[in-house]
Amino acid sequence: MLKNVKTYWRSPAEGNYMSFREIFAYSVGGIGAYSIFTMATALLLSTTNVIIGNTIGIQPMHMYIMYLISVITNIPLTMVRANMVDNVKYKSGKYRPYLLRMGIPTVIISILFVFTPYSKVPYIVRCILIFIYNFGLQFFYNFFYDAYENLIHVLSPNSQERTNVTAIKSMIYSLSPTITNFITPIIAKHVSDGNMYDLRVYQWLYPFIGIFGVVLIILVYARTEEKIVVAKTHKMKIKFTDALREVAKNKYFWIISLAGWLGFLESCTYVILQWLYNYAHLCTPEQYSLITLIRGTAYSWGMVLAPFAIKKWGKKKVLVATNLFNIIFLALVYPLMGSIWTVLLCMYMNSVADSFILVLNPAIQADIRDYQQYKSGERIDGMFGAVALIGSFVTMATSSVLPAVYEKYGIYNGNGYENMYDVLYDTTTLYRLVGILVILSVVGATLNLVPYFFYDLSEVKQKAIIRILQLRAAIEDYGNGVLTDEDMGKISSLISSAKEYSGKRKINIKELKKSKAAKEEIKKALAENEETEMSRDLLRELERFETPEGLAKLEWARRTIAAGIEGIADISPVELEAAKALPKNTAEERALRKSMIEVAKLGLRSRKAMMKYYPKGDMSFDEEYFNSLYSKDKEMSERRVKMVKNHEDKASLQKLSLEQKENSALIKAAEEEYQRYSESTKVYAEAVKYIHQAENYEKFSELDLI
């Protein structure tokens, strides 16, 4: 390991994309990221937030109402974030630019949150302040969280490498919440007689971890590089609704999302250990610090073992197995809740099983995005968050369950206690409520397991997808005359290997195992079977314009181009009806029918936009004028830099500012016009793009590679 670190410190090993220096920066920087995450998540509105509920004293149902409002207000913010990630271009990449832009405001808002003197203001003012702070966190924290967590999706296209790096990152960043959870009770003992719900605890803690977090995030920004498999000449500009539509068709996204939505009750037990310490007094503050430290180490097991388990059994089997263990250990809490140490044992083992998801989830999310790029032809990342907003409505509905349970067991304003949660000092009430929470968690974990049985994006499929994306990028660059000799050599080798393996028959692994073949022989056979499967997929990609689906779509594209832009007005719903009437008995027929339905719908959407924006048919767009405005803006920006550098007079700068403002208004109007034009001519543009792709494949086929 040490030898590998030394050898590949600055450049990655063969087959990998990340050097150890980059892995180090991303992982160690994760300590800073998770310091900020720990701080912000403790302050986000939810129905179970102990700082907002226990400390500031907001009633559970009021918290629920505020939570609903915050979820609704987050919807437009999520859409803005999604559009920025997918369409706003920075030289530093899709995610890296937002690490500091969003991380620093998150820290500032979090510190303001805990230093606000809530006891000195009326109850309604407290609610308003909390809502304002959460509005800021909803945008900045969520953007910052997505930027760091999703960065691994674009640091490497190699799924196993991403998994390995995620495991390393998880082991290192877990130091942050583990240490924070360890020192929080100790700080509480000295500043608030052990009361962990006193704001003074967080006033001591947050400034330090906030500054510490920002410093380490700078390391991530400075020492990582995004690597997306796209052609050098590829330019992405995808409309919000188009991206939304494409992501909505991703079956794997829905499987993983559904698992999360169905398992909403699983987290009910997160408060149990804290309650048994705080209300049942089953241990001392020092012992509870030790308990949090011990439980924190449980997450290390999944981080260490997940890459090996995934490599051996695959993500799906590991997902199913760990969720089964979750159910078992959660259920065991019920008969053992009389001792905090037996509960710790159950929760520890539950955390071990649960810790695998820390590596599994980023790995799966990255694979899903690769699949999305393969299906749609565009690298869409931000829009996944926008589509996931559907889950917010599900969560809004399900989040009312826990407050209702709390209220049923006596946690409500006016229950006769100074703090509504003080009712839990009655151990009879406490243990009855804990028992119900355990049962709800078991139900949640069981529901969470079901969708995973339908997940079939295997490791072999993902590898094949990456090879196909590499092939597509090479062909596009070749067609545009920018494919380098080095890239040509890589693709040539890839195709040559595919042709060699595609004709082979897959080896029967079961028979090999029955014959008690050596492990190395079985391992070699598995690798050969993988190569055979991936090679067949790659060669099918090369022939995709020769399939019935490809030929039918080529005919549609030629017909659309021949009709011209004016022909969009003549598109009829009859085309969609004809597409839906196509046979769907075989996989080939279903693929053809689906493709024809998609282009027919695209044509109708373009016609609808044309009728809306150009009812008189006077549709045109001056692209030369559009580009000249951007050129002028760039020229004026460069002129401003020189003027400031040369200390020119204020009047000249003001005159230039006025010119820039006028040009910006023209750019905005031109962009709006371009949006209308591109929406109205989308079907024609897609037809031209498809013909261009087919021509590139045909040119490529003329080489000796195929």
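Provided above is the structure to which this section pertains.
Model, not experiment: these values are computed from the prediction.

Undergrad: Explanation requested: the overall build of the protein in the structure shown.
TA: In terms of helices and strands, the protein carries 30 helices and zero strands. What you see for the protein is a C-alpha radius of gyration of 29 Å, in line with the 27 Å of a compact globule of 706 residues. Referenced to the eigenvectors of the C-alpha coordinate spread, the extents of the protein come out at roughly 90 × 80 × 55 Å. Taken across its 706 residues, the protein has 49% of its residues classed as buried. A fraction of 81% describes how many contacts in the protein between residues 6 or more apart in sequence connect residues 24 or more apart. By element, 60% of the accessible surface of the protein is carried by carbon and sulfur atoms, the whole surface being about 34900 Å².

Undergrad: Would you explain the packing of aromatic side chains in this entry?
TA: Describing an aromatic ring pair means giving the distance of the ring centres and the angle of the ring planes. The final tally for this structure, using the stated rule, is 34 aromatic pairs. Geometrically, the ring pair formed by Trp-9 and Phe-24 is tilted, given 6.1 Å between the ring centres and 50° between the ring planes. Linking Trp-9 in the loop between helix H1 (2–7) and helix H2 (20–41) with Phe-24 in helix H2, this pair joins segments that are 15 residues apart in sequence. Given the relative accessible area of 30%, Trp-9 is considered partly exposed. Ring centres of Tyr-34 and Tyr-148 lie 6.4 Å apart, and the angle between their planes is 80°; on these two criteria the pair is classed as edge-to-face. Here Tyr-34 is found in helix H2, whereas its partner Tyr-148 is found in helix H6 (residues 123–155), with 114 residues between them in sequence. Each of the two residues, Tyr-34 as well as Tyr-148, counts as buried. These aromatic residues form a ring-pair network of at least three members: Tyr-26, Tyr-34, Phe-37, Tyr-141, Phe-144, Tyr-145, Tyr-148 and Tyr-173. Positioned above the aromatic ring of Tyr-221 is the side chain of Arg-96, whose terminal nitrogen or guanidinium carbon lies 4.8 Å from the ring centre. Of note, Lys-504 hangs over the ring of Tyr-501, and the distance from its end group to the ring centre comes to 4.4 Å.

Undergrad: Looking at this model, I keep getting lost on the pattern of salt bridges. Mind explaining?
TA: Two side chains with opposite charge may pair up if their charged atoms get near one another. Applying the stated criterion across every chain, the model contains 20 salt bridges. Here Glu-659 makes a salt bridge to Arg-639, at a shortest N to O gap of 3.7 Å. Here Glu-659 is found in helix H29 (residues 650–680), whereas its partner Arg-639 is found in helix H28 (residues 623–645), with 20 residues between them in sequence. For Arg-639, a relative accessible area of 32% gives the class partly exposed.

Undergrad: Is there a simple way to think about the environment of Phe-264 in this case?
TA: With respect to the helices and strands, the residue Phe-264 is situated in the loop between helix H11 (251–262) and helix H12 (272–278). For Phe-264, a relative accessible area of 29% puts it in the partly exposed group. Leaving out residues up to four positions away in the same chain, Phe-264 has contacts with Thr-398 and Val-401.

Undergrad: Help me understand the packing of H2 against helix H9 (residues 199–223), please; the structure alone is not making it clear to me.
TA: Between two packed helices, what matters for the description is the angle formed by their axes and the separation of those axes. Put simply, H2 and H9 touch, their axes get as near as 7 Å, and they point 150° apart. In terms of their interaxial angle, H2 and H9 are classed as roughly antiparallel. Read as a crossing pair, H2 and H9 show a hand that is left-handed. By residue class, the composition of the contact of H2 with H9 is 15 nonpolar, seven polar and three charged.

Undergrad: Would you explain a positive patch on the surface in this entry?
TA: On the surface, a cluster of positive charge is made up of Lys-312, Lys-317, Lys-513 and Lys-519. Along the chain, Lys-312 falls in helix H13 (residues 285–313). Lys-312 gets classed as exposed once you look at its relative accessible area, which sits at 63%.

Undergrad: It is not clear to me how the environment of Pro-285 should be interpreted in this structure. Could you clarify?
TA: By the secondary structure assignment, Pro-285 is in helix H13. With relative accessibility at 25%, the residue Pro-285 sits in the partly exposed group. When the C-alpha positions of Pro-285 and Ile-186 are compared, they lie 7.4 Å apart, and in sequence the two are 99 residues distant. For Pro-285, the residues in contact, after removing those within four places along its chain, are Pro-185 and Tyr-277.

Undergrad: Is there a simple way to think about helix H16 (residues 357–376) in this case?
TA: Since the α-helix advances by 3.6 residues per turn, residues separated by three or four positions end up pointing in the same direction. With 20 residues, H16 ought to run about 28 Å at 1.5 Å a step, and its terminal C-alpha atoms sit 27 Å apart, in line with that. Phi turns positive one or two residues past the end of H16, at Gly-377, with a value near 85°.

Undergrad: When you look at a nonpolar patch on the surface in this model, what are you seeing that I'm missing?
TA: The grouping of Met-171, Trp-301, Val-304, Leu-305 and Phe-308 at the surface amounts to a nonpolar patch, some 490 Å² of accessible area in total. Of all the elements, H13 adds the most residues to the nonpolar patch, at four residues. Residue position: Met-171 is located in helix H7 (residues 159–173). According to the relative accessible area criterion, Met-171 is partly exposed, its value standing at 32%.

Undergrad: How do you make sense of the side chain of Glu-226 when you look at a structure like this?
TA: Take Glu-226: it is sitting in the loop between H9 and helix H10 (240–248). Here Glu-226 sits buried without a salt bridge, and the closest side chain of opposite charge, Arg-96, lies 5.5 Å off (N-O distance). Polar side-chain contacts of Glu-226 include one of 2.6 Å to the backbone nitrogen of Lys-94. Here the side chain of Glu-226 touches Tyr-95 through a polar contact of 2.8 Å, landing on its backbone nitrogen.

Undergrad: What is the right way to look at unusual backbone geometry in this model?
TA: Where the residue is not glycine, phi is negative for most of them; where a peptide bond is considered, it is trans in most cases. Of note, His-281 is a non-glycine position whose phi angle comes to about 55°, a positive value. Along the chain, His-281 turns up in the loop between H12 and H13. The exposure class of His-281 is exposed, given its relative accessible area of 56%.

Analysis parameters
Residues numbered from 1 in each chain as written. Predicted model: local features only at pLDDT ≥ 70, side-chain atom pairs only at ≥ 80, totals over all residues. Heavy atoms only, no water. Helix = DSSP H or I, 4+ residues; strand = E, 2+ residues; numbered from the N terminus. Rg over C-alpha atoms; globule rule 2.2 N^0.38 Å. Buried < 20%, exposed > 50% of the residue type's maximum accessible area, 1.4 Å probe, protein only. Contact = heavy atoms within 4.5 Å. Areas by Shrake-Rupley, 256 points an atom, 1.4 Å probe, with all protein chains shown as cover. Phe/Tyr/Trp six-rings, centres within 6.5 Å; stacked < 30°, edge-to-face > 60°. Lys NZ or Arg CZ within 6 Å of the ring centre and 35° of its normal. Salt bridge = Lys/Arg side-chain N within 4 Å of Asp/Glu carboxyl O. Axes fitted to C-alpha atoms, helices over the stretch in contact; angles between N-to-C directions. Parallel < 35°, antiparallel > 145°, perpendicular 65-115°, else oblique. Left-handed = near helix turned anticlockwise from the far one by under 90°. Nonpolar A, V, L, I, M, F, W, Y, C, P; charged D, E, K, R; others polar. Patch = residues over 30% accessible without salt bridge, like charges linked within 9 Å, V, L, I, M, F, W, Y side chains within 5 Å. Lys, Arg positive; Asp, Glu negative; His and termini not counted. Charge placed at Lys NZ, Arg CZ, Asp CG, Glu CD. Expected span 1.5 Å × (residues − 1). Polar contact = N/O pair within 3.5 Å; in protein donor to acceptor, adjacent residues only side chain to side chain.

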